[in-house]
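For reference, the chains in residue letters:
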Amino acid sequence: MTDAKVKQIAQAIYANVGGPGNVAKLIHCMTRVRMTIKDPSLVNMAGLKQIDGVMGVVDDDTLQVIVGPGTVNKVAEEMVREVGVKLGDPFPETVMDTSKMTDKEIVEAKAAQVKAAQKAKQKQTPVKRILKSISNIFIPLIPAFVGAGLIGGIAAVLSNLLVAGDISKSWTDLILVLNIIKNGVFAYLSVYVGINSATEFGATPGLGGVIGAVTLLNGMTPEAPLHNIFNGQPMSAGQGGIIGVIFAVWVLSLVEKQLHRWVPDSIDIIVTPTITLLVIGIFTIFLVMPVAGVISSSLVGAINWILNIGGAFSGFALGALFLPMVMFGLHQILTPIHIEMINKTGATPLLPILAMAGAGQVGAAFALWIKCRRNRQLTNLIKGALPVGILGIGEPLIYGVTLPLGRPFITACIGGGIGGAVVGGLGHVGAIAIGPSGVALIPLITNGHIYAYVLGLLAGYVGGFVATYFFGIPKDALVGDAEVNAEVQNEVQDDVPNSSTAVRSGSVTVTTPVSGKIVGLDQVPDPMMAQEVMGKSVAVMPDETDSQIYAPVDGKVTMVADTKHAVGFQDEIGEEVLVHIGVDTVKLNGKGFEINVQAGDQVHQGDVIGKVDWSVIREAQLAPVTLTIITNSGDYQVDKKIGQTDVQATSILMENQR
């Protein structure tokens, strides 16, 4: 099916369900686009059934439009792309009934729109996009991390007490049950990460989960293992770690999307998932996992070398490097080293040093909590992740807090290095068995050295705290949502009708910013603009032979959008006039626009302030219709001059007075 046909079906569905503003959420299954509808009375069932390409409609808990296998994913993707959300995400509120809203509510609604627009315009670097994706993958797992982590922490403390001989064997069954519950998350974490990664990258969640499960190498036996193609060594389950799963599922999303374009719709449901799983499964087993195996072998050699050097330097290096190893799943390779050390010497000095990495995480989390206390979303995450972090379960803090923020992850590593330096410098601190880090490891520390371990923990806490407090706080994490909303509300307050707005007496005219023909607002393909939510408006379909943009009033320029598609003015009597060139042209990021004025400039009505290449807007399949909006029109008598049709640079669109 062609892209044009897919777009036609998507737009026709929207037209018959009351527009995107009447959709709360959209997902799809094998054959159906499933929409959660806000107001069912706005749905035209007969019209939906008559759409070319729609096979049927089912009105159940969700409105289900049947378009068939192979087509459904394309139509659903097009529908959410037009709105700017992902499958399953809530749709933005694009239509406001201002007749039933107070001024405060209008301000808050407009503030939310401005805030969303500002966030959309923020420059997204590749690193920011990667960190955002990691955050989106792991945040849904935070409640599971917290619950299972606390249960696992309790099991670890009891297990360590059992090994140390402080409690009886009657506790064995309880410890086993607690560990089984904990392993429900951590033993199969790669599967959950695969599902969430697929959702984040726009692939089929079930396929992502299968690729996560592939890394567990189910069915492989020690007697007949698969071998690392780089060094010939037997592969182990989980080799490649969580980051390997994320990378593999990202590649899967690219392959699946491409196959959806190539494979005929009639066999897409069979061919695409089969080929995708086969190709990416082989890629994951024989490339992703072995590469991680090569890296892990190199790291083990480096760790042995560092241990041989000894002292505080070794402790710092190991404590600082352990978190990146956890992130890549490479820490599992250390298990045989711990066991070998315990077998030969009765204790492993490596585990207490590596445990300091978790202490650095805890210190960093406390610094973020204090410094970013107005950011409620962040502090709530920290509150949930800290208890299990103190008990030695570091995944919630790593994936839910520090890694998505970037810099705190680095400063937490520094804190872990400081704790490791203390333990390594004091020396002879070992653990008699393998267990979690943090406080839960204390019962396993060799006799006479518990205080040295606790001192290392405290040093890790303080080091992570200080490094993060002074050097690791991202600016965008400092301010809470309430303050951001307040700032944005202040910016848009002047745009909202309010009895306290200061205006000057007199009358003025507002002329057209573009040559063309006046059209009805019903021809504006944006519900908010068509209903004059932002203020009294006149729409002009431009004459595309005239590329010039004209100043509509005598006054000053108050705003030029970064993307050049909108310019704001204030005229002689205090009216605020917004010229919005085209609909959704913010998506062009300035392409095709040339604006020659800036905020603060004085202009005269009819001055040429820039030009626009209308062909760029057309090629992007956007509407070139241009709106002139009086954003504080509630304080003026606005007389629209819409009896005319053709308008030129000096044509009057509105005549307004106080």
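Keep in mind the model is a prediction, meaning the values are calculated, not measured. Chains are numbered independently. Their residues run from 1 in the order of the written sequence. Since the coordinates come from a predicted model, pLDDT governs what is reported: local features require at least 70, and pairs of side-chain atoms require 80 or more to be given and counted, while whole-chain, interface and lining totals use all residues. Here the side-chain values reflect all heavy atoms present in the structure, with hydrogen atoms and water set aside.

(A) Representation of the overall build of the protein chain. Think of it this way: any DSSP run of H or I at least four residues long counts as a helix, any run of E at least two long counts as a strand, and we number them from the N terminus. When helices and strands are tallied, the protein chain shows 22 helices and 18 strands. Only protein chains enter the accessibility calculation, which uses a 1.4 Å probe; a residue is then buried when its area is under 20% of its type maximum, exposed when over 50%, and partly exposed in between. Across the 658 residues in the protein chain, those meeting the buried criterion constitute 49%. Should any heavy atoms of two residues lie within 4.5 Å, those residues are counted as being in contact. Partitioning the intrachain contacts of the protein chain with sequence separation of at least 6 by distance along the chain shows that 72% fall at a separation of at least 24. Total accessible area on the protein chain is roughly 30400 Å²; 59% of this is exposed by carbon and sulfur atoms. Each accessible area is a Shrake-Rupley estimate made with a 1.4 Å probe; only the visible protein chains count as cover when residues are assessed.

(B) Representation of helix 19 (residues 450–471). The end-to-end C-alpha distance of helix 19, which contains 22 residues, comes to 31 Å, matching closely the 32 Å that a straight helix rising 1.5 Å per residue would cover. Listing the buried residues of helix 19 in full gives Ala452, Tyr453, Gly456, Leu457, Ala459, Gly460, Tyr461, Gly463, Gly464, Ala467 and Thr468. On its buried side, helix 19 packs onto helix 14 (350–354), helix 15 (356–371), helix 16 (376–390) and helix 18 (407–426). To estimate how far a helix should reach, multiply one less than its number of residues by 1.5 Å.

(C) Quick peek at the sheet that holds strand 14 (residues 608–612). The pairing criterion is simple: DSSP has to find at least two bridges between the two strands. The antiparallel open sheet is built from three strands, whose spatial order is 8-14-12. Every other strand in the sheet has two partners, leaving strand 8 (548–550) and strand 12 (593–595) as the edge strands with one partner each. Averaged over all pairs of adjacent strands, the angle between strand axes in this sheet comes to 25°, irrespective of strand direction. Each axis is a line fitted through C-alpha atoms, and for a helix only the stretch in contact is used; angles between axes span 0 to 180 degrees, taken between their N-to-C directions.

(D) A look at unusual backbone geometry. Residues other than glycine seldom take positive phi values, yet Lys564 does so here, at roughly 65°. For Lys564, the position within the fold is in the loop between strand 9 (555–560) and strand 10 (566–571). Positive phi is not limited to glycine here, since Gln621 has a value of about 60°. When you line up the elements, Gln621 lands in the loop between helix 22 (614–619) and strand 15 (623–630). The exposed category is assigned to Gln621, whose relative accessible area is 58%.

(E) Representation of the nonpolar core within the structure. Among the nonpolar cores identified, the biggest contains 62 residues, and Phe138, Val193, Ile246, Leu441 and Tyr453 are the most heavily contacted of them. Looking at this core element by element, the count peaks at eight residues for helix 10 (residues 241–262). Domain boundaries shown here were taken from an automatic or database domain assignment. Viewed by domain, this core spans two of them, domain 2 (130–304) and domain 3 (316–327 + 338–480), each represented by three or more residues. If we skip the residues at most four places from it in the chain, Tyr453 touches Pro352, Ala355, Met356, Val429, Ser437, Gly438, Leu441, Ile442 and Ile445. Among buried residues, the Ala, Val, Leu, Ile, Met, Phe, Trp, Tyr and Cys ones that are joined through side-chain atoms within 4.5 Å form a nonpolar core. In this structure, Val514, Val540, Phe593 and Val597 belong to the second largest nonpolar core, which totals 30 residues.

(F) The arrangement of the environment of Ile442 in detail. Mapped onto the fold, Ile442 is located in the loop between helix 18 and helix 19. For Ile442 and Pro352, which are 90 residues apart along the polypeptide, the C-alpha to C-alpha distance reads 9.2 Å. With near-sequence residues (within four places) excluded, Ile442 lies in contact with Ile450, Tyr453 and Val454.

(G) A look at the packing of aromatic side chains. Classification of ring pairs uses Phe, Tyr and Trp, with its six-membered ring standing for Trp, and accepts pairs whose centres are within 6.5 Å; under 30 degrees between planes counts as stacked, over 60 as edge-to-face, and the remaining range as tilted. Summed over the entire model, instances satisfying the criterion amount to five aromatic pairs. With a centroid separation of 6.0 Å and 40° between ring planes, the pair formed by Phe247 and Trp250 is classed as tilted. Here the residue Phe247 and the residue Trp250 both occupy positions in helix 10, the gap between them amounting to three residues, near one helical turn. The class for Trp250 is partly exposed, based on a relative accessible area of 39%. Centre to centre, the rings of Phe465 and Tyr469 are 5.6 Å apart; their planes meet at 20°, and the pair counts as stacked. One end of the pair is Phe465 and the other is Tyr469, both in helix 19 and four residues apart, which spans about a single turn. On the accessibility criterion, Tyr469 (26% relative accessible area) is partly exposed. Three or more aromatic residues joined by ring pairs form one cluster here, namely Phe247, Trp250 and Phe283. A ring is considered to have a charge above it if a Lys NZ or an Arg CZ atom is located within 6 Å of its centre and within 35 degrees of its normal. The lysine or arginine in question, Lys371, covers the ring of Tyr469, its NZ or CZ lying 4.5 Å from the ring centre.

(H) Looking closely at the confidence of the model for the protein chain. Confidence scores per residue from the predictor, reported as pLDDT, run from 0 to 100. On average, the protein chain scores 80 in pLDDT, and the residues at 70 or more come to 81%. In the model, residues 94–122 has pLDDT below 50 throughout and makes 45 contacts with residues more than four positions away in sequence or in other chains. Below a pLDDT of 50 lies the segment residues 480–504, which in the model reaches 52 contacts outside its immediate sequence neighbourhood of four places, other chains included.

(I) Layout of the pattern of salt bridges. Should a side-chain nitrogen of Lys or Arg be within 4 Å of a carboxyl oxygen of Asp or Glu, the pair is scored as a salt bridge. Inspection of the entire model under this criterion finds eight salt bridges. With a closest N to O distance of 2.9 Å, Glu200 and Lys86 form a salt bridge. Taken together, the residues Glu200 in helix 8 (residues 189–201) and Lys86 in the loop between helix 3 (72–83) and helix 4 (103–121) connect sequence positions 114 residues apart. Residue class for Glu200 comes out buried when judged on its relative accessible area of 13%. Lys517 is paired through a salt bridge with Asp646; the nearest N and O atoms lie 2.6 Å apart. Pair noted here: Lys517 is in strand 6 (residues 516–519) and Asp646 is in strand 17 (residues 646–647), with a separation of 129 residues, a long-range link. Salt bridges sharing common partners tie together Lys7, Glu78, Arg81 and Glu82.

(J) Just the packing of helix 18 against helix 19, in detail. Helix 19 packs onto helix 18 with a crossing angle of 150° between their chain directions and a minimal axis gap of 7 Å. The pairing of helix 18 with helix 19 is recorded here as roughly antiparallel in orientation. The way helix 18 lies across helix 19 gives a crossing that is right-handed. Residues Arg407, Pro408, Thr411, Ala412, Ile414, Gly415, Ile418, Gly419, Val422, Val423 and Leu426 of helix 18 lie in contact with helix 19, whose contacting residues are Ala452, Leu455, Gly456, Ala459, Gly460, Gly463, Gly464, Ala467, Thr468 and Phe471. Orientation categories follow fixed angle ranges, with anything under 35 degrees roughly parallel, anything over 145 roughly antiparallel, 65 to 115 roughly perpendicular, and all other angles oblique. Throughout, a crossing is termed right-handed when the near helix is turned clockwise from the far one, and left-handed when it is turned anticlockwise from it by less than a right angle.

(K) Inspection of the sheet that holds strand 13 (residues 602–603) at higher detail. In space, the eight strands of this open sheet follow the order 13-9-10-11-15-7-6-17, with antiparallel pairing throughout. Edge positions in the sheet fall to strand 13 and strand 17, since each has one partner strand and no second. In this structure, strand 9 lies alongside strand 10, joined through five bridges in antiparallel fashion. Across the sheet, Val557 pairs through a bridge with Phe569, a residue of strand 10.

(L) Geometry of the environment of Leu87. The topology assignment puts Leu87 in the loop between helix 3 and helix 4. The exposure class assigned to Leu87 is partly exposed, which follows from its relative accessible area of 26%. Leu87 sits 10 residues away from Glu77 along the chain, and the two C-alpha atoms are 7.3 Å apart.

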